[in-house]
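# Analysis of the macromolecular model
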Amino acid sequence: MKTPITVSITGAAGQIGYALLFRIASGFVFGPDQPVNLRLIEIEPGLPALNGVMMELDDCAFPLLNEVIGTADLDEGFKDANWCLLVGSVPRKAGMERADLLGINGKIFTGQGQAIARNAAKDVRVLVVGNPCNTNALIAMNNAAGVPADRFFAMTRLDENRAKSQLARKAGVHQSKVTNLCIWGNHSATQYPDFTNARIDGRPVTEVITDREWLEGEFITTVQQRGAAVIKARGLSSAASAANAALDTVKSLITPTPEGDWHSVAVCSDGSYGIEKGIMASMPIRTRGDGTWEVVQGVPVNDFSQGRIDLTIAELLEEREAVKDLIPA
Ligand code: NAX
């Protein structure tokens, strides 16, 4: 039997957690011959619900699920973790300013970054889903002394998937035909879904969808506002699609990217595309399949795209400024 892979998940009793755990335990992510240990982390008030989730995991009798631990203790939760999925965070409540939310959640991610550095496996990789995910990832990365920056990611895959499905619908094709879709910047309403480089069946989207006004207008706002639209319709925020995107992200980071394509995830900027070094910004990424990844270079950025990218990067810089006290010098 292969050595089990250990996956630590925070917010494991929440709605995304509920849509995530069972698919990991089933072998969907790491493969049909890879046993998995789950370390499920909740805050104290979440532990009774987590216990119920663990009962259901038991009741699935998953052949690949080796061990499950539920805990509110970060050291226990991140022990030997190969993957950390940081989902738990405090939702924005009425009357709460963005800066308040950044501060409250920021404090969660300092402690989690430190605990990951103390306990996780040498090859640990960390995907932050809990919002504001780019800046939470920035804080965790900067508080995880000794863990290389290229192990930290923040999720923009849900935005990529949403954008692909909107383009496919407009073009009347299956969503699998849409490739090379990059989300630039922040996972927020300023994100830029870059249709200018996307392709449908290998052809530029702009040749297939000639309605430029739609591409520059409704398409972008639909993707940017999709989360709010789901809340309006469902009364709850996106959960199954968010969990699915988290699993897509992990899979894309552990398997080689198809030739000529790329995927979107926020990584620590190396200065590519003029994006300030050190911030967590979404950009086009390729994975080699050996645990390493690279920013795809040479993706054309026209004036329209540059204006959009500048906006979303400016927001990330503002967010970093708002949490600067949580980032050690
Ligand atoms: P829920 O409120 O259903 O669940 C969150 C869970 O996290 C709760 O069980 C809570 O007890 C737990 N929690 C809170 N603080 C914690 C901490 N310090 N340590 C461990 N657990 C903690 O939220 P859910 O719908 O699951 O969403 C989770 C996060 O994902 C939210 O921040 C949400 O904004 C974010 N999202 C991010 C998306 C993305 O694309 N990056 C999209 C979907 C989602 O909105």
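Residues numbered from 1 in each chain as written. Predicted model: local features only at pLDDT ≥ 70, side-chain atom pairs only at ≥ 80, totals over all residues. Heavy atoms only, no water.

Looking up the chain in an unreviewed UniProt entry gives the name Malate dehydrogenase, with the organism given as Luteolibacter yonseiensis. The record held by UniProt for the chain lists under Catalytic activity (unreviewed entry) the comment "(S)-malate + NAD(+) = oxaloacetate + NADH + H(+)". In the Sequence similarities (unreviewed entry) part of its UniProt record, the chain is described as follows: "Belongs to the LDH/MDH superfamily. MDH type 2 family." (UniProt positions renumbered as here; feature names shortened; annotations may be inferred.)

Right, let's get into the site of the ligand. The full set close to the ligand counts 24 residues, and Gln15, Ile16, Glu42, Ser89 and Asn131 are the nearest of them. The separation between an oxygen atom of the ligand and a polar side-chain atom of Asn131 is 2.9 Å. Starting from 880 Å² of accessible surface for the ligand in isolation, the protein chains cover 82%. Of all the elements in the fold, those that place two or more residues in the shell around the ligand are α1 (15–25) and α4 (98–119). Across the shell around the ligand, the residue classes break down as 11 nonpolar, 12 polar and 1 charged. (Near = heavy atom within 4 Å. Polar contact = N/O pair within 3.5 Å; in protein donor to acceptor, adjacent residues only side chain to side chain. Areas by Shrake-Rupley, 256 points an atom, 1.4 Å probe, with all protein chains shown as cover. Helix = DSSP H or I, 4+ residues; strand = E, 2+ residues; numbered from the N terminus. Nonpolar A, V, L, I, M, F, W, Y, C, P; charged D, E, K, R; others polar.)

What follows concerns the pattern of salt bridges. For the structure shown, the criterion picks out 13 salt bridges. The closest approach of N and O atoms between Arg151 and Asp150, which form a salt bridge, is 3.8 Å. Members of the salt-bridge network, linked through shared partners, are Arg157, Glu160 and Lys164. (Salt bridge = Lys/Arg side-chain N within 4 Å of Asp/Glu carboxyl O.)

Let us look at the sheet that holds strand β10 (residues 199–200). Sheets are built from strands that pair by backbone hydrogen bonding, the pairs being arranged parallel or antiparallel. The strand order β7-β10-β11 describes an open sheet built from 3 strands, whose pairing is antiparallel. Bordering the open sheet on either side are β7 (178–179) and β11 (203–204), each of which pairs with just one other strand. Here β7 pairs with β10 via 2 bridges, running antiparallel. Bridge assignment links Thr179 to a residue of β10, and that residue is Arg199. (Pairing = 2+ DSSP bridges.)

Tracing the backbone shows Asn136 in helix α5 (residues 133–143). At 2.9 Å, the side chain of Asn136 and the backbone oxygen of Gly130 are in polar contact. Apart from residues no more than four positions distant in its own chain, Asn136 is found in contact with Asn105, Gly106, Phe109, Val128, Gly130 and Asn131. (Contact = heavy atoms within 4.5 Å.)

Turning our attention to the packing of aromatic side chains. We describe a pair of aromatic rings using the distance from one ring centre to the other and the angle between the two ring planes. For the structure on display, the rule yields 7 aromatic pairs. Ring plane angle 70° and centroid distance 5.5 Å describe the contact between Tyr18 and Phe22, whose orientation is recorded as edge-to-face. With Tyr18 and Phe22 both in helix α1, this residue pair falls 4 residues apart, about one helical turn. Centroid distance Trp214 to Phe219: 5.5 Å. Interplanar angle 35°. Geometry classified as tilted. Grouping residues by exposure puts Trp214 and Phe219 together as buried. An aromatic cluster is built from Tyr192, Phe195, Trp214, Phe219 and Phe304, whose rings are joined through pairwise contacts. When the ring centre of Phe28 is taken as reference, the NZ or CZ atom of Arg23 above it lies at 4.5 Å. Geometry around Phe28 places Lys251 over its ring, the cationic atom sitting 3.9 Å from the centre. (Phe/Tyr/Trp six-rings, centres within 6.5 Å; stacked < 30°, edge-to-face > 60°. Buried < 20%, exposed > 50% of the residue type's maximum accessible area, 1.4 Å probe, protein only. Lys NZ or Arg CZ within 6 Å of the ring centre and 35° of its normal.)

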